[in-house]
Amino acid sequence: MLTLTTNWEATQIAFPRFKNYPKRGNIYRQGEVSEGFYLVKNGSVKLQKTLPNGAQSILKIISPGEIFGEGESNLSEFKRNNSFATAIEDETMIQKISNQNFQESVIGLELHHKLLNYNLEITKRLERLNWMDAEGRIKFTLKELAQKLGKRFGDETLLKLNLTHEELAMLTDSSRQTVTKTLSSLKKNGVITYSRNRILFRNLANFNS
């Protein structure tokens, strides 16, 4: 995950204040006029999309230090959001980033790198869809989330994941039944323990995704 450098603190630009969102708090809605990009300071965000057939798809879980959003509309074009963003945890802190911020050389370069990283992750997800089976995608996603959002306790890693099995299925392009089966198998083999929204990885370094 890319993180902010100390250059951000040194910059004299007046950034908007962070805004706190409660769990399940809406940050923006699909179809609304896009207002720019957002930086996650604390907590996590779920990007979700309603497909033309009415089905739901979770595009990505955004962790602290990452940027999301679809850019800012201008006077000649009203760009619409293709997805909606929701806070996953209580006291999720979000900072809005305007087009003016992009014009600052140091900040603009940081933001550019973060957006490139975001696009790369989306591309990798599509690649996984082509060559990984559903169980492999679930394991890969769990390990990725644990690396980004988990807390280390010696060899063990605790991931607090406020996603239902159905939502995890949407994130991994699989089914709820496959998610439940995969988690049960990992627990039976002693690789993880889990209850409700907490997953404890016994040894994340040896976790086979």
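- Where an unreviewed UniProt entry is consulted, the protein appears under the name CRP/FNR family transcriptional regulator, with the organism given as Algoriphagus antarcticus.

1. Some remarks on the packing of helix α4 (residues 134–149) against helix α6 (residues 176–188)
Two quantities define a packed helix pair, namely the angle between the axes and the distance from one axis to the other.
Then comes step 1: Axis separation between α4 and α6 bottoms out at 10 Å; the angle between their running directions is 65 degrees. When the axis of α4 is compared with that of α6, the two are roughly perpendicular. Note that α4 runs across α6; the crossing there is right-handed. Across the interface between the two elements, Ala134, Glu135, Ile138, Lys139 and Leu142 of α4 pack against Thr178, Val179, Thr182, Leu183 and Leu186 of α6.

2. Digging into the packing of aromatic side chains
Then comes step 1: One pass over the full model with this rule turns up 4 aromatic pairs.
Then comes step 2: Ring geometry for Tyr38 against Phe68: centres 5.4 Å apart, planes inclined by 20 degrees, an arrangement best described as stacked. Taken together, the residues Tyr38 in strand β3 (residues 35–42) and Phe68 in strand β6 (residues 67–72) connect sequence positions 30 residues apart. The exposure classification of Tyr38 matches that of Phe68, with both residues buried.
Then comes step 3: A connected cluster of aromatic rings, assembled from ring pairs, spans Tyr28, Tyr38 and Phe68.
Then comes step 4: Looking at Lys187, its charged tip hangs above the ring of Tyr194, at a distance of 5.2 Å from the centre.

3. Observations concerning the nonpolar core
Then comes step 1: If you look at the biggest cluster of nonpolar residues, it comprises 22 residues, and the most contacted ones within it are Ile61, Leu142, Leu161, Leu171, Ile192, Ile199 and Phe201.
Then comes step 2: Elements supplying a minimum of two residues to this core: β5 (56–62), α4, α5 (165–171), α6 and β12 (198–201).
Then comes step 3: Here this core spans two domains, since at least three of its residues come from each of domain 1 (19–128) and domain 2 (133–206).
Then comes step 4: Setting aside residues up to four positions removed in sequence, Phe201 forms contacts with Leu142, Ala146, Asp155, Glu156, Thr157, Leu159, Val191, Ile192 and Phe207.
Then comes step 5: By size, the runner-up hydrophobic cluster in this structure holds 12 residues, among which are Tyr28, Val40, Phe68 and Ala85.

4. Examining the pattern of salt bridges
Then comes step 1: Throughout the structure, instances matching the rule amount to 7 salt bridges.
Then comes step 2: Residue Lys96 is joined to Glu35 by a salt bridge in which the shortest nitrogen-to-oxygen separation is 3.3 Å. Remark: Glu35 occurs in strand β3 and Lys96 occurs in strand β8 (residues 92–97); sequence separation between them is 61 residues.
Then comes step 3: When its relative accessible area of 33% is taken as the criterion, Lys96 is described as partly exposed.
Then comes step 4: Accessibility expressed as a relative area gives 45% for Glu35, which makes it partly exposed.
Then comes step 5: Residue Lys148 is joined to Glu66 by a salt bridge in which the shortest nitrogen-to-oxygen separation is 3.2 Å. Residue Lys148 is found in helix α4, and its partner Glu66 is found in the loop between β5 and β6; the two are separated by 82 residues along the sequence.

Conventions and cut-offs
Residues numbered from 1 in each chain as written. Predicted model: local features only at pLDDT ≥ 70, side-chain atom pairs only at ≥ 80, totals over all residues. Heavy atoms only, no water. Axes fitted to C-alpha atoms, helices over the stretch in contact; angles between N-to-C directions. Helix = DSSP H or I, 4+ residues; strand = E, 2+ residues; numbered from the N terminus. Parallel < 35°, antiparallel > 145°, perpendicular 65-115°, else oblique. Left-handed = near helix turned anticlockwise from the far one by under 90°. Contact = heavy atoms within 4.5 Å. Phe/Tyr/Trp six-rings, centres within 6.5 Å; stacked < 30°, edge-to-face > 60°. Buried < 20%, exposed > 50% of the residue type's maximum accessible area, 1.4 Å probe, protein only. Lys NZ or Arg CZ within 6 Å of the ring centre and 35° of its normal. Core = buried A, V, L, I, M, F, W, Y, C linked by side-chain atoms within 4.5 Å. Domains from an automatic or database assignment. Salt bridge = Lys/Arg side-chain N within 4 Å of Asp/Glu carboxyl O.

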